[in-house]
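# Structural characterization, general
Here is how the chains run, residue by residue.
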Amino acid sequence: MKSKSKNLIIISGPSGVGKDSVISRIQSIDSKISLAISVTTRKMRLGEKDGVNYHFLSRENFEKKIENSEFLEYSEYCGNYYGTLKKPIEKAMKSGRKIILKIDIQGAEKVREIYDDCFSIFILPPSIEALKERITLRNLDSKDDLDLRLKRAMIEIENACNYDFAVENDVVDSCARKIIDKIYELEKNNGV
Ligand code: 5GP
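Because the structure is predicted, anything quoted here is derived from the model rather than measured.

Criteria and thresholds
Residues numbered from 1 in each chain as written. Predicted model: local features only at pLDDT ≥ 70, side-chain atom pairs only at ≥ 80, totals over all residues. Heavy atoms only, no water. Near = heavy atom within 4 Å. Polar contact = N/O pair within 3.5 Å; in protein donor to acceptor, adjacent residues only side chain to side chain. 1 Å grid on protein atoms, 1.4 Å probe; cavity = no way out; pocket = protein on both sides within 12 Å on 5 of 7 lines; lining within 4 Å. Sits in = over half its atoms within 2 Å of the grid points. Helix = DSSP H or I, 4+ residues; strand = E, 2+ residues; numbered from the N terminus. Nonpolar A, V, L, I, M, F, W, Y, C, P; charged D, E, K, R; others polar. Points joined across faces, edges and corners; volume = space filled by probe spheres on them. Buried < 20%, exposed > 50% of the residue type's maximum accessible area, 1.4 Å probe, protein only. Contact = heavy atoms within 4.5 Å.

## Some points on the site of the ligand
Lining the immediate environment of the ligand, one finds 17 residues, of which Ser38, Arg42, Tyr54, Glu73 and Tyr82 sit closest. Here arginine 42 contributes a side-chain N or O atom positioned 2.7 Å from an oxygen atom of the ligand. In the environment of the ligand, a nitrogen atom lies 2.7 Å from a nitrogen or oxygen atom belonging to the side chain of glutamate 73. The pocket occupied by the ligand, as judged from atoms lying within 2 Å of grid points, is the largest pocket. Secondary-structure elements contributing two or more residues to the shell around the ligand are strand S5 (71-77) and strand S6 (80-85). Tallied by class, residues from the shell around the ligand come to four nonpolar, six polar and seven charged.

## Regarding empty space enclosed by the protein
All chains considered together, the criterion is met by one cavity of 30 Å³ or more. A volume near 50 Å³ is recorded for the largest cavity. Taken together, Leu35, Ala36, Ile37, Ser38, Val52, Asn53, Tyr54 and Lys102 form the lining of the largest cavity. Classifying every residue of the lining of the largest cavity gives five nonpolar, two polar and one charged.

## Considering the side chain of aspartate 30
Relative to the assigned elements, aspartate 30 resides in the loop between helix H1 (19-29) and strand S2 (33-35). Look at aspartate 30 and you get buried, because its relative accessible area is 8%. Setting aside chain neighbours within four positions, we find aspartate 30 in contact with Ile180 and Tyr184.

## A word on unusual backbone geometry
Excluding glycine, residues mostly carry a negative phi; peptide bonds, for their part, are mostly trans. Here the phi dihedral of serine 69 falls at roughly 55°; this positive angle occurs in a residue that is not glycine. Examined against the element boundaries, serine 69 turns out to sit in the loop between helix H2 (59-67) and S5. Overall, the relative accessible area of 46% leaves serine 69 in the partly exposed class. Non-glycine residue cysteine 78 carries a positive phi angle of around 50°. Among the structural elements, cysteine 78 can be located in the loop between S5 and S6.

Functional significance is not addressed by these values, which are geometric in nature.
Rendered as structure tokens:
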């Protein structure tokens, strides 16, 4: 049987669309909303911190967690594993807090199978050109990784129609406020 959770909020969007900025703006506006820290095997980027941006693990240790069924969901994205741990999500939900999962389209599908009334939000770029420019300018990854991320971004955007709400990230603050408004509007319509 599927679980019910009106407090679980999925946020997806292509690489470079500004998900991190929008989510941190959401958290600074509404302290009742927190972000689940995912586990990944990708290399730590400059400025990132273990336990803050992600829990960074080796492939071997990630695979041990898969074997131990510690993940709510996990998927491979551009050659690296990314996953959401079950325990912190269950704990946050018991406490009644709203929790954001910043996950890709595959992860979103898996979470929807488990929690059938979570809210899913897709962040779109103002234009494909703007997205390409942002991914390229960010220049955090190798050329191969960049190409992979661009290809992957196009696939992700085609999936925006599977989400409850799609919003353009033109200005971070207004995008964050539109998401918050939608979360509470959907909650009201769901009779919470
Ligand atoms: P990045 O390497 O740019 O931080 O993230 C790459 C992609 O992985 C993004 O689309 C991001 O949403 C996704 N992602 C991050 N954490 C998770 C997770 O726990 N599970 C899944 N399925 N995707 C994730």
